Amino acid sequence: MKVLLFFPTVVDPLNFPSIACKLKESLSKALKHFHPLSGRLSWSPDSKRFEIIYDAQSPSTTFIEAECEEDFGLLVKADVHNARVYEELAPPLYNEDKAMEVLSIQFTRFGGGGLVIGVSMHHVLGDGRSYYSFIKSWAEICRTGELEGGALAGQVGRDGARISSPGFMRGVLWRPRRGSLLHPPHPETYFGNLITPCFVEAEASRLLCDDDNLAFAAATIQTAVRGVKEDPLRDCEAWPVWLAKTREPSRATFNVLGSPTFKAYEVDFGWGGGPERIEYVLKDRVGTMVLADAKDEVGGFQVCMVLPPSEMDEFSNPLHGWFLRLMRVWGVVCAYPCLKA
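Residues numbered from 1 in each chain as written. Predicted model: local features only at pLDDT ≥ 70, side-chain atom pairs only at ≥ 80, totals over all residues. Heavy atoms only, no water.

**Description of helix H1 (residues 16-31)**
Alright, step 1. With 16 residues, H1 ought to run about 22 Å at 1.5 Å a step, and its terminal C-alpha atoms sit 22 Å apart, in line with that.
Alright, step 2. All buried positions along H1 are accounted for by Phe16, Ile19, Ala20, Leu23, Ser26, Leu27, Ala30 and Leu31. Projected down its long axis, H1 carries its buried residues within an arc of 135°, all on one side. (Helix = DSSP H or I, 4+ residues; strand = E, 2+ residues; numbered from the N terminus. Expected span 1.5 Å × (residues − 1). Buried < 20%, exposed > 50% of the residue type's maximum accessible area, 1.4 Å probe, protein only. Arc of directions from axis to C-beta.)

Structure follows, in structure tokens:
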């Protein structure tokens, strides 16, 4: 997962060095609560599993400081998506000695004003809600100097540890809170992957030929979501079969990632409010839609689409029937709707 948070300049640009210093200090404090994020992902030939290797004696996380000469004001406009610049603003997860970082941070300042914080986190360590739980905790420490509520649940010992990381299924990003769908419920401070897939399938002809195709698609997805809410582990034995179907060339999938319930625009580092804009970096993720909350509209959505260039112009023009065209491109709908307990 790679997310960019764009903040307009609300302080003297000459203070950027002090801002970077405060970000690093607060990051160091935050990682004491999220210390597996300072570990490395490595394959264990003994256990035949991926493990997070955490060294309590020398924990480390990459923090990159960079400058950019692009026009910040242009990049934060809703109708501008510069994929090349986004890639440069998102830090890589470095791989050394067959061990990969699970977290990397990049702080970029713009010559004409504005700054961007890019956060890359390996999905094997946590789901989308855990991702934003970390970012908001880091921002809270930067803003107030401390983290209200203390450490997270389920932490491992700090004397050096190997944390087994079970394989996770790509699917709906779902996290129990109060009124949890799981019994017994997980604690509110749970950090990690707690996800279950929700599959929706429909015949392309049904979506293309009838006048109520959009309503039919929405109702089909809604029915599937309700089924998962009632029993998150229902038909779990069939999940491998469904996942195999999504890999068939004739059943190309269309993925829906993220959730407006993550409240990304509430991330506040103490610079006068939340980000002006957030962007997901989705290189090579053609066939993906990302949902986020809207900055200035209660109950609104921010939608990001990744389509081939030949399809993007038509999608952008509602007069061309983008929904029907989308169904022709992908043939079968396989949706991963976001649930909220």
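Text resumes after the structure shown.
**Brief notes about helix H4 (residues 128-144)**
Alright, step 1. An ideal rise of 1.5 Å per residue puts 24 Å on 17 residues; H4 measures up with 24 Å between its terminal C-alpha atoms.
Alright, step 2. H4 sits mainly inside the fold: 13 of its 17 residues count as buried.
Alright, step 3. Among the residues of H4, the N-terminal cap falls to Asp127, whose side-chain oxygen and the backbone nitrogen of Arg129 are separated by 3.3 Å.
Alright, step 4. Immediately downstream of H4, the backbone of Gly145 shows phi near 95°, a positive value. (Polar contact = N/O pair within 3.5 Å; in protein donor to acceptor, adjacent residues only side chain to side chain.)

**A short note on the pairing of strand S7 (residues 103-110)**
Alright, step 1. Burial analysis of S7 places seven of its eight residues in the buried class, which makes it a mostly covered element.
Alright, step 2. Strand direction decides the pairing type here: strand S4 (residues 62-68) and S7, joined by seven bridges, are parallel. Paired with Phe63 across the bridge in S7 is Ile105.
Alright, step 3. As paired elements, S7 and strand S8 (residues 115-121) share seven bridges and run antiparallel to each other. Directly across from Gln106, in S8, lies its bridge partner Gly118.
Alright, step 4. From the end of S7 to the start of S8, which pair antiparallel, there are four residues, and Gly113 there has a positive phi angle of about 110°. (Pairing = 2+ DSSP bridges.)

**A short note on the confidence of the model for the protein chain**
Alright, step 1. Overall, the predicted model of the protein chain reaches an average pLDDT of 75, with 76% of residues at or above 70.
Alright, step 2. Segment residues 151-179: pLDDT under 50, and 101 contacts once partners within four positions in sequence are set aside and those in other chains are kept. (pLDDT = per-residue confidence, 0-100. Contact = heavy atoms within 4.5 Å.)

**Some points on the sheet that holds strand S15 (residues 301-306)**
Alright, step 1. Taken in spatial order, the three strands line up as S12-S14-S15 in an open sheet, and their pairing is mixed. Only two strands of the sheet have a single neighbouring strand rather than two, namely strand S12 (255-258) and S15. Pairs of neighbouring strands in the sheet enclose a mean axial angle of 25°, with direction left out of account.
Alright, step 2. Note that strand S14 (residues 288-293) and S15 share six bridges and pair antiparallel. (Axes fitted to C-alpha atoms, helices over the stretch in contact; angles between N-to-C directions.)

**Structural notes on unusual backbone geometry**
Alright, step 1. Of note, the phi angle at Lys263 is positive, near 55°, even though the residue is not glycine.
Alright, step 2. Mapped onto the elements of the fold, Lys263 is located in the loop between S12 and strand S13 (277-280).
Alright, step 3. Its relative accessible area of 36% is what places Lys263 among the partly exposed residues.

**What about the environment of Ala294?**
Alright, step 1. Among the secondary structure elements, Ala294 is positioned in the loop between S14 and S15.
Alright, step 2. Taking the relative accessible area as the measure of exposure, Ala294 reaches 18% and is therefore buried.
Alright, step 3. Along the primary structure Ala294 and Ile278 are separated by 16 residues, whereas in three dimensions their C-alpha atoms are 9.7 Å apart.
Alright, step 4. Contact partners of Ala294, with chain neighbours within four places excluded, come to Tyr265, Gly300, Phe301 and Gln302.

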